[in-house]
Every structure is written in C-alpha cells, then in structure tokens.
Amino acid sequence: LGESNEQWIKALRVRVDWIISRIQGPNIMDIGCGSGICTYQAARSKSVEKVVAVDISPKAIEIAKGHINSLQNPEVADKVWFEMAEAESLMSNRNVSHIKFDTIVMGEVLEHVFDMDETMRCVDFLLKPGGTVLVSVPEGGDIDIDHVRIMSNKIVLDLMGRHGYKLIDSSR
C-alpha cells in the first residue's frame, strides 16, 4: 500500500470506530452502506437486533452482501437486511417506511445527494423520537466525480439545525 492508501485506511478506521461507538438501540439504518463496513460492525454488537443497509448502487449492495456472507457469521448476517434505494425515497419505501430506527447512520452520504433537506425529511420520518443521527462528511477538498457539493461542518450543522437536531458530539 502506498502512503496515501494507508492514510485513507487509517482515516476510515477512525470514522467507523467513531460511528460504531455512538450507535444506540436495537434498530439501526445505515444509509449509503457502501461495502458494508459500518453495517457489519453495527450488526456485531450484542445490543443491535436489526441493521437495514441501504444504498442506491446495486454493485455496492452486492459487495456488502458478499462481505457479510464471506465472514461466515450467521448470527451477524441474520441481523442485516439490504435495501437498494435512494435516501430521498425511503419515506415511501414499503419495505422500510413502517420501521422506526433508534440510530440512522449516514457515513459519507450527504455530499452525494441533490436534496439534503428531502433526505433529512426521510430521516426525520424513520427515526424514533429521541433517536440518534450519525453523520460524517468529507470536509472541503475537490469534488469527486459522484459528489454534488463540497461539504463543511457549517453545512452539516445548518442542515441538522433546520431539522431540529442538536449537536451532541463532534470529532472536530
């Protein structure tokens, strides 16, 4: 691995550890699950009963399912349910719209969505009262090909404030 890959892996571990250490409750949704790293780590927790892993990409869902299944841990795999969907459509998704989640994770997601407020309205609808929303975003830098905006803490704090959330923890 090159130095930049090692730095990326270290940053990923820090982000995943931060998220996992703050998950609360038995029902978790991982929006933008990607390869399923947070999904798997959340499902390993004894206190977690269900993790709904959502991604818009069929390839990401396939990779995440493969990752979970390759670990040959049926106790963990049985807790995970995959859903291919856009974050903005979850409120009307028949498979998940009836579930209320204790924690909703959006790790490196908001920079990809066109309408962050619509995404947050879906989160508002799916989150149990008093639930936890965990958000991580890349701060600044260049826009990747699949990013629609450059993110900052201010953008996230403004968005969360508009939806009635308050910051209780930050890594910055």
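What comes next concerns the included structure. None of the values given here were measured: they were computed from a predicted structure.

### Some thoughts on the nonpolar core
Here is step 1 of the chain: Counting residues in each nonpolar core, the largest one holds 25 residues, and the members touching the most others are Met29, Ile31, Leu90 and Ile104.
Here is step 2 of the chain: Residue assignment for this core shows that the elements contributing at least two residues are β1 (27-31), β2 (50-55), β4 (101-107), α5 (116-126), β5 (127-136) and α6 (153-162).
Here is step 3 of the chain: Looking at this core element by element, the count peaks at five residues for α5.
Here is step 4 of the chain: Of all hydrophobic cores here, the second largest spans 22 residues; its members include Val16, Ile28, Tyr40 and Ala64.

### Quick look at α6
Here is step 1 of the chain: Among the residues of α6, those classed as buried are Val156, Leu159 and Met160. Viewed end-on, α6 has its buried residues packed into an arc of 95°, placing them on one side of the element. What points out from α6, more than 90 degrees from its buried face, is the exposed set Lys154 and Arg162.
Here is step 2 of the chain: Elements that come into contact with the buried residues of α6 comprise α5 and β5.
Here is step 3 of the chain: Trailing α6 by a residue or two, Gly164 shows a phi angle of about 85°, which is positive.

### Here's the deal with the pairing of β2
For a regular strand, the rule is simple: side chains alternate between the two faces of the sheet.
Here is step 1 of the chain: Across the six residues that make up β2, a large majority, five, are buried.
Here is step 2 of the chain: In this sheet, β2 lies alongside β1 in parallel orientation, the contact comprising five bridges. By the bridge assignment for β2, Asn27 is matched with Lys50.
Here is step 3 of the chain: Crossover β1 to β2 through helix α2 (residues 37-44) is right-handed.
Here is step 4 of the chain: Where β2 and strand β3 (residues 80-84) come together, five bridges link them in parallel fashion.

Reading guide: rules and limits
- Residues numbered from 1 in each chain as written.
- Predicted model: local features only at pLDDT ≥ 70, side-chain atom pairs only at ≥ 80, totals over all residues.
- Heavy atoms only, no water.
- Core = buried A, V, L, I, M, F, W, Y, C linked by side-chain atoms within 4.5 Å.
- Buried < 20%, exposed > 50% of the residue type's maximum accessible area, 1.4 Å probe, protein only.
- Helix = DSSP H or I, 4+ residues; strand = E, 2+ residues; numbered from the N terminus.
- Arc of directions from axis to C-beta.
- Contact = heavy atoms within 4.5 Å.
- Pairing = 2+ DSSP bridges.
- Right-handed = clockwise from strand over helix to strand, strands pointing away.

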